[in-house]
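Breakdown of the fold
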Amino acid sequence: MPQATLIDGKAVAAELRDEIAAEIAAIKAASGRVPGLHVVLVGEDPASRVYVASKEKLAAAAGMNSVAHRLPAETSEADLLAKLAELNADDAVDGILVQLPLPKHIDSGRIIDAIDPAKDVDGLHPINAGKLAAGKNGLVPCTPLGSMLLLKRVLPSLSGLEAVVIGRSELVGRPAAQLLLQADCTVTIAHSRTKDLPAVVRRADIVIAAVGRPHFVKGAWIKPGATVIDVGINRLPDGKLVGDVDFTEAVAVAGAITPVPGGVGPMTIACLLRNTLTAFKARRA
Ligand code: NAP
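Digging into the site of the ligand
Among the 22 residues in the neighbourhood of the ligand, the closest are listed as R168, S169, S192, I233 and T268. Contact distances for the ligand include 2.5 Å between an oxygen atom and a side-chain N or O atom of S192. The contact in question runs from an oxygen atom of the ligand to an N or O atom on the side chain of T268, over 2.7 Å. The leading source of residues in the shell around the ligand is helix α10 (residues 264-284), at three residues.

Structure representation (structure tokens):
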């Protein structure tokens, strides 16, 4: 029998999108303007095509000017940089997202560096990463931002809690740790070289798992009553999607847990819309 509270990311994301849509409708009524989100996809990667289509659709549904630029796989780095320069210079563009991964002949670091930090709604530009590390306002990567919003649904205050983030990627682990630190948690970042990971996880009131390995975090590692945010999205050979946490074991120990699918995943796109609205307001303030 499940004991943990299930954190319904699908419902929270739908609420967030509704709030964003209402705010955009009010802005439009007052000024005639709406935020513009431009997503750039290079190549034919099937998963990326699905992600881009869903970002495009949900941005339009929220009332944004939503544009997807689908470029052929053989697009050169120079041509992609020229496209970004065009979007950076276009005042009607508030948010730019380049869907990753890019084809191997393109240096994704150079591409991210070329996005105007004020329009970097994925929050990956070094200026935004630096602002986050310095505790200053900037655009924050969508998945960690969504994870924090889910945590706040079940924990009235994060202050003083022990948080363990498993994974140190620029996309998820590092920014998640920075956000937890800003919320006054005592933060540990674990990674592939961490010694005795089960013991490290066992002291956590909050566990954020961003590893990319199915069922990696075992129920026995989790402190009873802890809040578990499972960022992982892993496809098993039978096609089933599972997280990085062994859900069946963890749900019997944790106080609250996100399911996969239906947990952090839907929050990522909702936070992309939120970042686009934030960028729009900051640029026009
Ligand atoms: P990543 O860049 O591959 O990073 C994985 C991290 O896990 C690395 O820091 C790695 O440590 C650590 N790790 C690997 N094996 C480990 C082990 N045995 N013990 C402890 N740590 C270990 O992955 P990512 O981009 O952060 O993504 C992580 C997961 O989240 C993936 O399943 C991805 O699909 C999912 N994801 C979901 C969303 C969403 O919207 N829900 C968004 C983004 C990503 P080292 O640094 O030492 O190698």
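And the narrative resumes.
Structural notes on the pairing of strand β7 (residues 206-209)
Neither face of β7 is open: one carries I206 and I208, the other V207 and A209, and all of them are buried. Summarising the sheet, strand β5 (residues 162-166) and β7 pair through four bridges and their orientation is parallel. In the strand pairing of β7, V165 is matched with I208. Note: β7 against strand β8 (residues 227-230), four bridges, orientation parallel. Considered in β8, the bridge of V207 is made with V228.

Looking at the packing of aromatic side chains
By the definition in use, this model includes one aromatic pair. Ring centres of F216 and W221 lie 5.6 Å apart, and the angle between their planes is 85 degrees; this geometry places the pair in the edge-to-face category. For F216, a relative accessible area of 24% puts it in the partly exposed group.

Looking at the environment of D238
If you trace the backbone, D238 turns up in the loop between β9 (234-235) and β10 (241-242). Separated by 206 residues in sequence, D238 and G32 place their C-alpha atoms 49 Å apart. A polar atom in the side chain of D238 sits 2.9 Å from the backbone nitrogen of K240.

A few points about the packing of helix α1 (residues 9-31) against helix α6 (residues 142-154)
For the pair α1 and α6, interaxial distance at closest approach is 11 Å and the crossing angle is 105 degrees. When the axes of α1 and α6 are compared, the pair comes out roughly perpendicular. Contacts between α1 and α6 pair G9, V12, E15 and L16 from the former with L149, L150 and R153 from the latter. Class assignment for the residues of the contact of α1 with α6 results in four nonpolar, one polar and two charged.

A word on the nonpolar core
By size, the foremost hydrophobic cluster in this structure holds 51 residues, and its most contacted members are L151, L180, I206 and I208. Of all the secondary-structure elements, those providing two or more residues to this core are α1, β2 (36-42), α2 (46-61), α6, β5, α7 (173-182), β7 and α10. It is α10 that provides the largest number of residues to this core, a total of nine residues. Residue contributions to this core reach at least three from each of two domains, namely domain 1 (31-116) and domain 2 (141-265). Beyond its immediate chain neighbours, meaning those up to four positions away, L151 contacts L158, L180, I206, I208, T227 and I229.

A closer look at the side chain of T258
In this structure, T258 sits in the loop between β11 (256-257) and α10. Owing to a relative accessible area of 0%, T258 belongs among the buried residues under this scheme. Aside from chain neighbours lying at most four places away, what touches T258 is I7, L150, V228, I229, D230, F247, G263 and V264.

Rules behind the numbers
- Residues numbered from 1 in each chain as written.
- Predicted model: local features only at pLDDT ≥ 70, side-chain atom pairs only at ≥ 80, totals over all residues.
- Heavy atoms only, no water.
- Near = heavy atom within 4 Å.
- Polar contact = N/O pair within 3.5 Å; in protein donor to acceptor, adjacent residues only side chain to side chain.
- Helix = DSSP H or I, 4+ residues; strand = E, 2+ residues; numbered from the N terminus.
- Buried < 20%, exposed > 50% of the residue type's maximum accessible area, 1.4 Å probe, protein only.
- Pairing = 2+ DSSP bridges.
- Phe/Tyr/Trp six-rings, centres within 6.5 Å; stacked < 30°, edge-to-face > 60°.
- Axes fitted to C-alpha atoms, helices over the stretch in contact; angles between N-to-C directions.
- Parallel < 35°, antiparallel > 145°, perpendicular 65-115°, else oblique.
- Contact = heavy atoms within 4.5 Å.
- Nonpolar A, V, L, I, M, F, W, Y, C, P; charged D, E, K, R; others polar.
- Core = buried A, V, L, I, M, F, W, Y, C linked by side-chain atoms within 4.5 Å.
- Domains from an automatic or database assignment.

Worth remembering: the numbers are spatial, not functional.
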